[in-house]
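The chain contents come next:
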Amino acid sequence: MTSVEEAFGWLSYAEDTLQEAKDTLAIGKYGVAVSLSYYACFYAAKSILSYSRERDPKTHSGVISRFGELAVRGSDFPSEVARFLAYLAEQRGRTDYDLGYREKWRSDNAAPLLGMSETFVAEVRAWFARHHGHDPELDR
């Protein structure tokens, strides 16, 4: 598999996960929707790392850090959108590992996190359009 195929595979996985987050939010599983929102961004970040032929970091924090170095400081990914990845990782961690916190999610505070995820994945798609020459959606 080439780095481009792998990158677009990760981006496709991100988009599928984003849809799962939307579906999950719609049925009232807010904590799960928060977790899936993060994972959609995580897979999208991995797509840029794969495209850039980066070694796959072994931890979530490694992906977040390397993504920041490569896509933001070393490229033109919007830094304000890139911050969503770390924020969603923090919320996912609290949601997945703190039962009391997970129970506090409601639509009105989970939905904005899903919105962040949608924005992040859209920006990754736009990054590919700028750097690869077309929208990777065409390769699906």
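Residues numbered from 1 in each chain as written. Predicted model: local features only at pLDDT ≥ 70, side-chain atom pairs only at ≥ 80, totals over all residues. Heavy atoms only, no water.

(A) Highlighting the packing of helix H2 (residues 30-51) against helix H4 (residues 79-97). Remark: H2 packs on H4, axes separated minimally by 9 Å, with the N-to-C direction vectors making an angle of 140°. Viewed along their axes, H2 and H4 adopt a mutual orientation that is oblique. Handedness of the crossing formed by H2 with H4: left-handed. Between H2 and H4, the contacting residues are Gly31, Val34, Ser35, Ser37, Tyr38, Tyr39, Cys41, Phe42 and Ala45 on the first element and Leu85, Leu88, Ala89, Gln91, Arg92, Thr95 and Asp96 on the second. Here the residues of the contact of H2 with H4 are counted per class, giving nine nonpolar, five polar and two charged. (Axes fitted to C-alpha atoms, helices over the stretch in contact; angles between N-to-C directions. Helix = DSSP H or I, 4+ residues; strand = E, 2+ residues; numbered from the N terminus. Parallel < 35°, antiparallel > 145°, perpendicular 65-115°, else oblique. Left-handed = near helix turned anticlockwise from the far one by under 90°. Contact = heavy atoms within 4.5 Å. Nonpolar A, V, L, I, M, F, W, Y, C, P; charged D, E, K, R; others polar.)

(B) Representation of the environment of Glu90 within the structure. With respect to the secondary-structure elements, Glu90 resides in helix H4. Its relative accessible area of 43% is what places Glu90 among the partly exposed residues. Along the sequence, Glu90 and Trp10 sit 80 residues apart, while their C-alpha atoms lie 21 Å from each other. (Buried < 20%, exposed > 50% of the residue type's maximum accessible area, 1.4 Å probe, protein only.)

(C) Looking closely at the environment of Ala45. Topologically, Ala45 is positioned in helix H2. For the pair Ala45 and Ala7, spaced 38 residues apart in the sequence, the C-alpha separation amounts to 9.4 Å.

(D) Here's a closer look at the pattern of salt bridges. For the coordinates displayed, the defined rule picks out six salt bridges. A salt bridge links Glu15 to Arg125, with the shortest nitrogen-to-oxygen separation between them at 2.7 Å. Linking Glu15 in helix H1 (residues 3-26) with Arg125 in helix H6 (residues 107-132), this pair joins segments that are 110 residues apart in sequence. Close ionic contact of Asp76 with Arg130 constitutes a salt bridge, the shortest N to O distance being 3.0 Å. You can see Asp76 sitting in the loop between helix H3 (60-73) and H4 and its partner Arg130 sitting in helix H6, a full 54 residues away along the chain. For Asp76, a relative accessible area of 38% corresponds to the partly exposed category. (Salt bridge = Lys/Arg side-chain N within 4 Å of Asp/Glu carboxyl O.)

(E) Local environment of the packing of aromatic side chains. In the structure shown here, the tally under the stated rule is 16 aromatic pairs. An angle of 90° between the planes, with centres 5.2 Å apart, marks the rings of Tyr51 and Phe128 as edge-to-face. Here Tyr51, found in helix H2, pairs with Phe128, found in helix H6; they are 77 residues apart in sequence, far enough to count as distant. Taking the relative accessible area as the measure of exposure, Phe128 reaches 0% and is therefore buried. With 5.3 Å between their ring centres and 90° between their planes, Trp127 and Phe128 make a pair best called edge-to-face. Given the relative accessible area of 5%, Trp127 is considered buried. The structure contains a cluster of three or more aromatic residues connected by ring pairs, namely Trp10, Tyr13, Tyr38, Tyr39, Phe42 and Tyr43. Here Lys46 stacks its cationic end above the ring of Trp10, 4.6 Å away from the centre of that ring. In this structure, Arg94 is placed above the aromatic ring of Tyr101, and the distance from its NZ or CZ to the ring centre is 3.8 Å. (Phe/Tyr/Trp six-rings, centres within 6.5 Å; stacked < 30°, edge-to-face > 60°. Lys NZ or Arg CZ within 6 Å of the ring centre and 35° of its normal.)

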